[in-house]
Amino acid sequence: MKRLILALDVYERERALEIAECTADYLWAVKVNWPLIIGSGLGIITELRQVTGLPVIADLKLADIPNTNRLIAKRVFDAGADYIIAHGFVGRDSLNAIMELGETIIVVEMSHPGAEEFIQPATDKLIELANELEPFGVIAPATRPERVAYIRSKLKPGIKILTPGVGAQGGKAGKVLTAGADYVIVGRSIYASENPREAARNLHREIAGV
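Just so it is clear, the model here is predicted, and its values are computed rather than measured.

Draft legend 1. Up close: the side chain of Thr52. Counting through the fold element by element, Thr52 comes out in helix H3 (residues 43-52). One polar contact links the side chain of Thr52 to the main-chain carbonyl oxygen of Leu48, over a distance of 2.7 Å.

Here it is in structure tokens:
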């Protein structure tokens, strides 16, 4: 089972396609964020699906009123995205506007230090919201495996946990998978490597051994 997600946080279209194609054998999905969409256009989602044959996660962290979320999500799903990541703090109406159009992943906690200021104190309520809405999955921090374990203990069975922060941010794939994560998200440790394919292969092997 493949549990590695590549976070393609680059600007350049050709570079993104090259890295995605050479690492695809070891990935479950490819995640695109604002840098790549701004740098290469929304069509990069379609191209990545064609090149890799893998699901594409649009990590937009949507956090707006329902109508705006709906307008953005429609275009992104139409471009071929399989999943959209959205913030939960805007409430169930804004999330439902996305979920009516396609599979959604809700942020319940983030991986950077600043997440401890405002998002972590709201994690319990965000988990409750996820349990009510039953999205495909939630985002939890690979940088804090103990939080992944806590979120897993509160989360309804069947909802996946995707964990950014492995590699450059200090998270360890083995620790977060043991804590209850379903997928690990890795960016710089792969795309900034001298040999992205080898880096992805090594991570895949590490994950497979957990």
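Draft legend 2. Fine view of H3. For H3, the set of buried residues is Ile44, Ile45, Leu48 and Thr52. Taken end-on, H3 shows its buried residues confined to a sector of 105°, consistent with a single buried face. Those residues of H3 that are buried lie in contact with strand E1 (4-8), helix H1 (13-23), strand E2 (29-33), helix H2 (34-40), strand E3 (56-62) and helix H4 (66-78). Once H3 ends, the next one or two residues include Gly53, with phi positive near 70°.

Draft legend 3. Molecular detail of the packing of H1 against H3. Interhelical geometry of H1 versus H3 gives an angle of 30° and a closest axis separation of 9 Å. Compared by their axis directions, H1 and H3 come out roughly parallel. As H1 runs across H3, the sense of the crossing is right-handed. Listed contacts from H3 to Arg13, Ala16, Leu17, Ala20 and Glu21 of H1 are Ile44, Glu47, Leu48, Val51 and Thr52. Partitioned by chemical class, the residues of the contact of H1 with H3 number 6 nonpolar, 1 polar and 3 charged.

Draft legend 4. Representation of H1. Every buried residue of H1 is accounted for by Ala16, Leu17, Ile19, Ala20 and Thr23. The buried residues of H1 occupy an angular sector of 165° when the element is viewed end-on, so they sit on one face. Among the exposed residues of H1, those oriented more than 90 degrees off its buried face are Glu14, Glu18 and Glu21. Those residues of H1 hidden inside the fold are in contact with E1, H2, H3, helix H10 (188-191) and helix H11 (196-208).

Draft legend 5. How the structure looks around the pattern of salt bridges. Counted under the stated rule, the structure contains 13 salt bridges. Between Asp25 and Arg197 there is a salt bridge whose closest N-O contact spans 3.2 Å. Residue Asp25 is located in the loop between H1 and E2, and its partner Arg197 is located in helix H11; the two are separated by 172 residues in the primary sequence. A relative accessible area of 45% places Asp25 in the partly exposed class. Between Lys74 and Asp78 there is a salt bridge, with the nearest N and O atoms lying 2.8 Å from each other. Note that Lys74 and Asp78 are positioned in helix H4 at a spacing of 4 residues, about one turn of the helix. We classify Lys74 as partly exposed; its relative accessible area is 46%.

Draft legend 6. Seen up close, the sheet that holds strand E7 (residues 160-164). Ordered by their spatial adjacency, 8 strands build a closed barrel running E1-E2-E3-E4-E5-E6-E7-E8, and the pairing between neighbours is parallel. Strand-to-strand twist across the sheet, computed as the mean angle between neighbouring axes with direction ignored, equals 30°. Pairing of strand E4 (residues 83-87) with strand E5 (residues 103-107) involves 5 bridges; the strand directions are parallel. From the neighbouring strand, Ile85 faces E5, where its bridge partner is Ile105.

Draft legend 7. View of the pairing of E4. Counting buried positions over the 5 residues of E4 gives 5, a clear majority of the element. Side chains Tyr83, Ile85 and His87 of E4 all project onto a buried face; the interleaved residues Ile84 and Ala86 project onto the opposite face, where all are buried too. In this structure, E3 lies alongside E4, joined through 3 bridges in parallel fashion. Looking at the pairing, Ile57 lines up with Tyr83 of E4.

Draft legend 8. Structural view of the packing of H4 against helix H5 (residues 92-99). Running from amino to carboxyl end, H4 crosses H5 at an angle of 25°, the nearest separation of the two axes being 8 Å. Here H4 lies roughly parallel to H5, going by the angle between them. The handedness of the crossing between H4 and H5 is right-handed. From H4, Pro66, Asn69, Arg70, Ala73 and Phe77 reach across to H5, where they touch Asp93, Ser94, Ala97 and Ile98.

Analysis parameters
- Residues numbered from 1 in each chain as written.
- Predicted model: local features only at pLDDT ≥ 70, side-chain atom pairs only at ≥ 80, totals over all residues.
- Heavy atoms only, no water.
- Helix = DSSP H or I, 4+ residues; strand = E, 2+ residues; numbered from the N terminus.
- Polar contact = N/O pair within 3.5 Å; in protein donor to acceptor, adjacent residues only side chain to side chain.
- Buried < 20%, exposed > 50% of the residue type's maximum accessible area, 1.4 Å probe, protein only.
- Arc of directions from axis to C-beta.
- Contact = heavy atoms within 4.5 Å.
- Axes fitted to C-alpha atoms, helices over the stretch in contact; angles between N-to-C directions.
- Parallel < 35°, antiparallel > 145°, perpendicular 65-115°, else oblique.
- Left-handed = near helix turned anticlockwise from the far one by under 90°.
- Nonpolar A, V, L, I, M, F, W, Y, C, P; charged D, E, K, R; others polar.
- Salt bridge = Lys/Arg side-chain N within 4 Å of Asp/Glu carboxyl O.
- Pairing = 2+ DSSP bridges.

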